[in-house]
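# Structural overview
In case you want the letters, here they are:
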Amino acid sequence: MNKYKKITLDGLIYQNPTFMLVLGTCPTLGLISSAFSSMGMGLTVLVVLTLSNIIISALRKVIPSAVRIPCYIVIIATLVTFARMFLEKFLPDLYDSLGGFLALIVVNCIILGRAEAFANKNGVLESAADGIANGLGFTVALTIMGVICEFLGKGSLFGAQIMEFKIGMLATPAGAFLVYGLCIAVFVYIIDGFERWRRVKANKLARENLLNAKEAA
Amino acid sequence: MTVKQFFKSTAFKCIITLTCVLLVSGIFLTIMNGLLAVSDAERFERAINKIYGKSVKTETVAVANYNDNATIDEAYRVKDDGNYLIKSTGKGGYDNGTVTCWIVVNVSGGAVKGIDKVVIESNKGQSYIDRVSDKALNQFTELYTDGIIYTQDLITNATVKGTKTAICNAVNGALDFVNALLGNVTEDIYAEFDFVEYIETKLTSHEVNEDGSITFHIVTKGLKEPSGFKVDITINADGVVTDYTVTENGSTSNTYVGQMHAGILDGTLFEGKDFAGIEAILDNGISLPSDNSGTEISTGATHSNYLCLYAAAFATKNYDKLIVDDGGNEGGGETDEGGTENE
Amino acid sequence: MGTFIAIVLSAVLTNNFITAKTYGICPFLGVSKKTSSAAGMGIAVTLVMVLATLVTYPIYTYVMVPLKIEFLEIIFFIFIIASLVQMLEKIIQKVSPTLYGAMGIYLPLITTNCAVLGVTELLIGDMSAILGNASMNIGWAVIYALFAGLGFTLVMIIMSGMREKLNYYKTPKAISGFPIAMVTACFICMAFYVFSLISI
């Protein structure tokens, strides 16, 4: 069980693909001007990533290592094409709002990166968990930034107008860069602080234990 | 390497694996494409639903053209409420480009009642089209008064007027088409008049006053920089301008309004003159010299001045046609109405 | 001529791949610490973009559309780009080792670069806003790809110049690295945003 906890925490926080590893930046910057499209992109990547992780880890013993990258690319491209057909048929609104970035999921570094770093070394179940964790990490990060950018840049949330006040710049690529950069900084700062607090606490506990042991002796 | 060795080598295994993966992917996607492909009919239905906001049934209407400024691409009658959905391409955009719009024309009782919605579908060469917001397009529902949309009333952020003109042309084309379809073609009474080159004949109107004078409410077209002017001109029975007011100035900005000829702005240049007097303002008759210079109206806003001069020429030259043709009838009609009011 | 100018202005300034479309951000943030490497990456990307367009556009128009297999475009395009990059790497290695030294290390990274797949996907889509009344053909496609690549290179070089200067300043730990690079990129985007006011 501990293994899955580590996979989940890594995907969501310590190895968060958006904030810690800064992967998949193109769709992030291109779509966070709208909360709806950024969340849609996150969920699409979540599905494609999970499926590709499962397929690749199932095939990891069959595919010779010399041609593994072309094989992965074909598998991912197939899944993306499928996702595109699915969205065009059943969710045309999302399909329109994602635009060109839908096809570019193929070259999203997160998917190929997880295939290379995790799925071709681990079993099907772990890979599926890893795909879901990383996909969720990506989705949550994109949605947070999408909400910030849309709320401040357009005065709306998920398309519903909330206030008149807006900073138009935050809905342009320039604002996307700014918000993304600041979000990374805040995220890293919080994680660093948390780690330091945990270390200090652990040291204190160890020292108390030592003192107690001495007194007892 | 013998053949046998090759079949056992890694290279062979690689080729087989890659081919298999490609084949499986191709077959999978072909099947999925068969299942999930969005047909043209579905795409069309989706486009209509997006415009309408609800799903409706339509029937195709044969396309014909009644307006030179627009091409009707597709036309549909909505079975549910009798409205018409027209896809129309307006000409006269920036750099001779075009704008294609979907237009929902509200029809009830066999007559056009208004415009429900305008949605831009595509354009050619209109780089500022993004600045035409939905808010601007919604104005069409309010702008519809008498069967034609007047370009200048549409407020957009597209500083290039061409884009605006093309959209209005598309909408007017759709209106003309639906009117013709319903058999409600209004006769253009000014079409055969002189000097209609710069006059929006469908928007212009006149009334015959009790003393025999005629008041024109003239709307001009745009000419290069300025867009259309609205001018009220009253001509007395002798063909002399007695009253002249610019009700709406089409100049690009207040700077150009300031540069217009003062006598044209307040009418002192025209008042008291008949057609010969108006014609004499320019030495060469009533056409603008190609170099725009050397005449009284050559100020910083020559084209604005010229549009007003043209409106005055239109009014003074044509007033007698109205008196001869329908002066009696219309005058009688107005007196009758007046009579009823008195009683 | 008007179309040519419109394409150049749009590809380089108003619709720049990095500042307006946010394609190709990975190399933009990853390989922009030194001007020389940024320029090398930019040129390599431009080269691959032009070659990829030269191959994918005719294949799509003359093979895939008649056969009605447009839905396989992603697989075809990514495969063509990957093979092209491999071939290019081998050829440069054989023909000019000096050039390989300067550019070769960036080539493998280009396969997974959004800018290359992005330009090929963009060019088979609706380009009428930029082309005006001219119709799309392979010539305009290649010109667009070339200038989009040059626009990419331009922004890469500007960015690397700013990041070289940034090395002289000490930044807090949480901000150093990607965050400060993105704030820098934000300023470049704002400067390029002004170009979108150009009417073409």
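To start, this report covers the structure provided alongside it. Owing to the predicted nature of the structure, the values given are computational and were not obtained by experimental measurement. (Residues numbered from 1 in each chain as written. Chains lettered and ligands numbered in written order. Predicted model: local features only at pLDDT ≥ 70, side-chain atom pairs only at ≥ 80, totals over all residues. Heavy atoms only, no water.)

### A word on the pattern of salt bridges
Considering all chains together, one arrives at 13 salt bridges over all chains under this definition. In this structure, Glu73(C) and Arg84(A) form a salt bridge, with 2.6 Å as the shortest nitrogen-oxygen distance. Of the two residues, Glu73(C) sits in helix 4 (residues 73-95) while Arg84(A) sits in helix 4 (residues 68-90), which places them in two different chains. Considered together, Glu73(C) and Arg84(A) belong to a single accessibility category, that of buried residues. When the shortest N-O distance is used, the salt bridge between Glu88(A) and Arg43(B) registers 2.8 Å. Here Arg43(B) lies in helix 3 (residues 40-52) and Glu88(A) lies in helix 4, a pairing that spans two chains. Exposure remark for Glu88(A): the relative accessible area of 16% places this residue in the buried category. For Arg43(B), a relative accessible area of 41% corresponds to the partly exposed category. Within this structure, Arg84(A), Glu73(C) and Glu121(C) form a network of salt bridges that share partners. (Salt bridge = Lys/Arg side-chain N within 4 Å of Asp/Glu carboxyl O. Helix = DSSP H or I, 4+ residues; strand = E, 2+ residues; numbered from the N terminus. Buried < 20%, exposed > 50% of the residue type's maximum accessible area, 1.4 Å probe, protein only.)

### Remarks on the sheet that holds strand 5 (residues 111-124) of chain B
All names here are of chain B. The strand order 1-2-3-4-5 describes an open sheet built from five strands, whose pairing is antiparallel. Since the sheet does not close on itself, it has two edges, and those belong to strand 1 (58-60) and strand 5, each with one partner. Averaged over all neighbouring strand pairs, the angle between strand axes comes to 25°, with direction disregarded. As defined by bridge partners, strand 4 (residues 98-108) adjoins strand 5 across eleven bridges and the pair is classed as antiparallel. (Pairing = 2+ DSSP bridges. Axes fitted to C-alpha atoms, helices over the stretch in contact; angles between N-to-C directions.)

### Some remarks on the packing of helix 3 (residues 35-67) of chain C against helix 4 of chain C
Residue and element names in this part refer to chain C. Two elements in contact, helix 3 and helix 4, have axes whose closest approach is 10 Å; the angle formed by their N-to-C orientations is 140°. With respect to helix 4, the axis of helix 3 lies oblique. Where helix 3 crosses over helix 4, the two elements pack in a sense that is right-handed. Of the residues in helix 4, those in contact with Leu 47, Val 48, Leu 51, Ala 52, Val 55, Thr 56, Ile 59, Tyr 60 and Met 64 of helix 3 are Glu 73, Phe 76, Phe 77, Ile 80, Ile 81, Leu 84, Val 85 and Leu 88. For the contact of helix 3 with helix 4, the per-class residue count stands at 15 nonpolar, one polar and one charged. (Parallel < 35°, antiparallel > 145°, perpendicular 65-115°, else oblique. Left-handed = near helix turned anticlockwise from the far one by under 90°. Contact = heavy atoms within 4.5 Å. Nonpolar A, V, L, I, M, F, W, Y, C, P; charged D, E, K, R; others polar.)

### As for the interface of chain A and chain B
With 20 residues of chain A at the contact, the number on the chain B side is 18 residues. Both faces combined, the contact of chain A with chain B buries some 1,600 Å², and carbon together with sulfur accounts for 75% of it. Taken together, chain A and chain B are joined by two salt bridges. Taken together, the links from chain A to chain B amount to five residue pairs in polar contact (both at pLDDT 80 or more). Elements with a contribution of two residues or more to the side of chain A that touches chain B: helix 4 and helix 5 (92-98) of chain A. (Buried area = accessible area lost by both parts, 1.4 Å probe. Polar contact = N/O pair within 3.5 Å; in protein donor to acceptor, adjacent residues only side chain to side chain.)

### Structural notes on the interface of chain A and chain C
Frequently, the measure chosen for interface size is the accessible area removed from exposure when the parts meet. Listed by partner, the interface residues are 35 residues for chain A and 36 residues for chain C. Taken over both partners, the interface formed by chain A and chain C buries close to 2,900 Å², and the fraction arising from carbon and sulfur atoms is 83%. Looking at the side of chain A facing chain C, the largest losses of area belong to Cys26(A), Val107(A) and Phe177(A), adding up to 22% of the total buried there. Counting the contacts that link chain A with chain C gives three salt bridges. Summed over the shared surface of chain A and chain C, the number is three residue pairs in polar contact (both at pLDDT 80 or more). Those elements giving two or more residues to the side of chain A that touches chain C turn out to be helix 2 (25-31), helix 4, helix 6 (109-119) and helix 8 (173-216) of chain A. Broken down by element, the residue count for the side of chain A that touches chain C peaks at eleven residues, all from helix 8 of chain A. Looking at the side of chain A that touches chain C, its residues break down into 26 nonpolar, seven polar and two charged.

### Digging into the sheet that holds strand 9 (residues 241-248) of chain B
Residue and element names in this part refer to chain B. Spatially, 6-7-8-9 is the arrangement adopted by the four strands of the open sheet, whose pairing is antiparallel. Two strands lie at the open edges of the sheet, namely strand 6 (205-208) and strand 9, each paired on one side alone. On average, adjacent strands in this sheet sit at an angle of 15° to one another, irrespective of strand direction. With six bridges joining them, strand 7 (residues 214-219) and strand 8 (residues 230-235) adopt antiparallel strand pairing. Paired with Ile 214 across the bridge in strand 8 is Ile 235.

### A short note on the packing of aromatic side chains
The way to describe two aromatic rings as a pair is by their centre distance and the angle between their planes. This model, assessed by the stated rule, comprises 14 aromatic pairs over all chains. Between the aromatic rings of Phe17(C) and Tyr23(C), the centroid separation amounts to 5.4 Å while the plane-to-plane angle is 90°, which identifies the pairing as edge-to-face. For Phe17(C), a relative accessible area of 0% gives the class buried. An aromatic cluster is built from Phe82(A), Phe86(A), Phe90(A) and Phe28(B), whose rings are joined through pairwise contacts. (Phe/Tyr/Trp six-rings, centres within 6.5 Å; stacked < 30°, edge-to-face > 60°.)

### Considerations on a nonpolar patch on the surface
Residues and elements named next belong to chain A. Residues Leu 12, Ile 132, Leu 136, Val 140, Ile 144 and Ile 148 make up a contiguous nonpolar surface patch of about 430 Å² in total accessible area. For the nonpolar patch, the leading source of residues is helix 7 (residues 124-154), giving five residues. Following the sequence through the fold, Ile 148 ends up in helix 7. (Patch = residues over 30% accessible without salt bridge, like charges linked within 9 Å, V, L, I, M, F, W, Y side chains within 5 Å. Areas by Shrake-Rupley, 256 points an atom, 1.4 Å probe, with all protein chains shown as cover.)

This is a description of form; function is not addressed.
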